[in-house]
Amino acid sequence: MSMFSRLKEQSLVGKLTAQYDQLPRRDQQALLVLGVAVFLGILYFAIWRPAATYHGNAISNVENAQELLVWMNSNRSSLQQLSGDRSGQSSGTVDKPADGRALMALVTRTAGEAGLSLQRFEPSGEDAIRIWLEQVPFAQVAGWLETLNTANGVQIDQASMDRQSEPGLVSVRLTLTI
């Protein structure tokens, strides 16, 4: 027994079929066109549009990843140089802050010296501090963080950087630890 014959046996389907058959030919055609339009609308809004949006987002993500890869490859030598500098300076003396208060004082002082204005900062446990910087040059932030690490042994526990509309500027959220 096919699915259509089972559907026809149902009383509700039988009533609807009888009502459809009693409609004038013109109304039957209009109802058929309406049914096709509803089907196409559901097909477009439930399947095609979400798939196209997902595809567009995926392409955008790939392009962003490719841009990041190009940037990382173009700055590979400077990143390796910074990595080499860190290993060379780790054998020297490091003026490490004693506690969270000293870390907070060090971070605020060195940020000012680096020309960075802390938007907000707060202690995070005994030996850590959370800081926020808004619309600051990436190069300045990177240099400041490198100085904090090499000269004072301050480590980045968590970092989040958001690119701003103006090239070279970022908004940064960091958790620094000693």
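Quantities reported herein were computed from a predicted structural model and do not represent experimental measurements.

What counts, and where the lines are drawn
Residues numbered from 1 in each chain as written. Predicted model: local features only at pLDDT ≥ 70, side-chain atom pairs only at ≥ 80, totals over all residues. Heavy atoms only, no water. Helix = DSSP H or I, 4+ residues; strand = E, 2+ residues; numbered from the N terminus. Contact = heavy atoms within 4.5 Å. Pairing = 2+ DSSP bridges. Axes fitted to C-alpha atoms, helices over the stretch in contact; angles between N-to-C directions. Buried < 20%, exposed > 50% of the residue type's maximum accessible area, 1.4 Å probe, protein only. Salt bridge = Lys/Arg side-chain N within 4 Å of Asp/Glu carboxyl O.

Novice: I'm lost on the environment of Val141 in this one. Help?
Specialist: Relative to the elements of secondary structure, Val141 occurs in helix α6 (residues 138-152). Each C-alpha atom of the pair Val141 and Val170 lies 9.0 Å from the other, and the pair is 29 residues apart in sequence. What Val141 contacts, discounting residues up to four positions off in sequence, is Leu116, Val136, Met161 and Val172.

Novice: Hey, could you run me through the sheet that holds strand β1 (residues 120-123) in this one?
Specialist: By definition, the strands of a sheet pair up through backbone hydrogen bonds, in either a parallel or an antiparallel sense. If you walk across this open sheet you meet the 4 strands as β1-β2-β4-β3, and the pairing is antiparallel. Taken across any chain shown, the strands that pair with only one partner, and hence form the sheet edges, are β1 and β3 (155-163). Averaged over all adjacent pairs, the angle separating strand axes in this sheet is 15 degrees, with direction ignored. Here β3 pairs with strand β4 (residues 169-177) via 8 bridges, running antiparallel. When the bridges of β4 are listed, Arg163 appears paired with Val170. Contacting β1, β2 (128-137) and β4, helix α5 (residues 100-113) crosses the sheet at an angle of about 10 degrees to β2. Set on the sheet, α6 makes contact with β2, β3 and β4; between it and β2 the angle comes to about 150 degrees.

Novice: When you look at the pairing of β4 in this model, what are you seeing that I'm missing?
Specialist: Among the 9 residues of β4, 8 are classified as buried, and the element is accordingly described as predominantly covered. Both β2 and β4 contribute to a ladder of 8 bridges, which runs antiparallel. If you follow Arg130 over to β4, its bridge partner there is Thr175. Linking two consecutive strands that pair antiparallel, namely β3 and β4, is a turn of 5 residues; a positive phi of about 90 degrees is found at Gly168 within it.

Novice: How do you make sense of the pattern of salt bridges when you look at a structure like this?
Specialist: Opposite charge on two side chains makes pairing possible when the charged atoms of those side chains draw close. Tallying each qualifying case throughout the model produces 5 salt bridges. Here Arg109 makes a salt bridge to Glu113, at a shortest N to O gap of 3.1 Å. Of this pair, Arg109 and Glu113 both sit in helix α5, 4 residues apart, which is roughly one turn of the helix. Using a relative accessible area of 46% as the deciding quantity, one classes Arg109 as partly exposed. The partner of Asp162 in a salt bridge is Arg173, and the shortest N-O contact between them spans 3.2 Å. One end of the pair, Asp162, is in strand β3; the other, Arg173, is in strand β4, with 11 residues separating them in the sequence. The class for Arg173 is partly exposed, based on a relative accessible area of 34%. In this structure, a network of salt bridges that share partners links the residues Arg120, Glu122 and Arg130.

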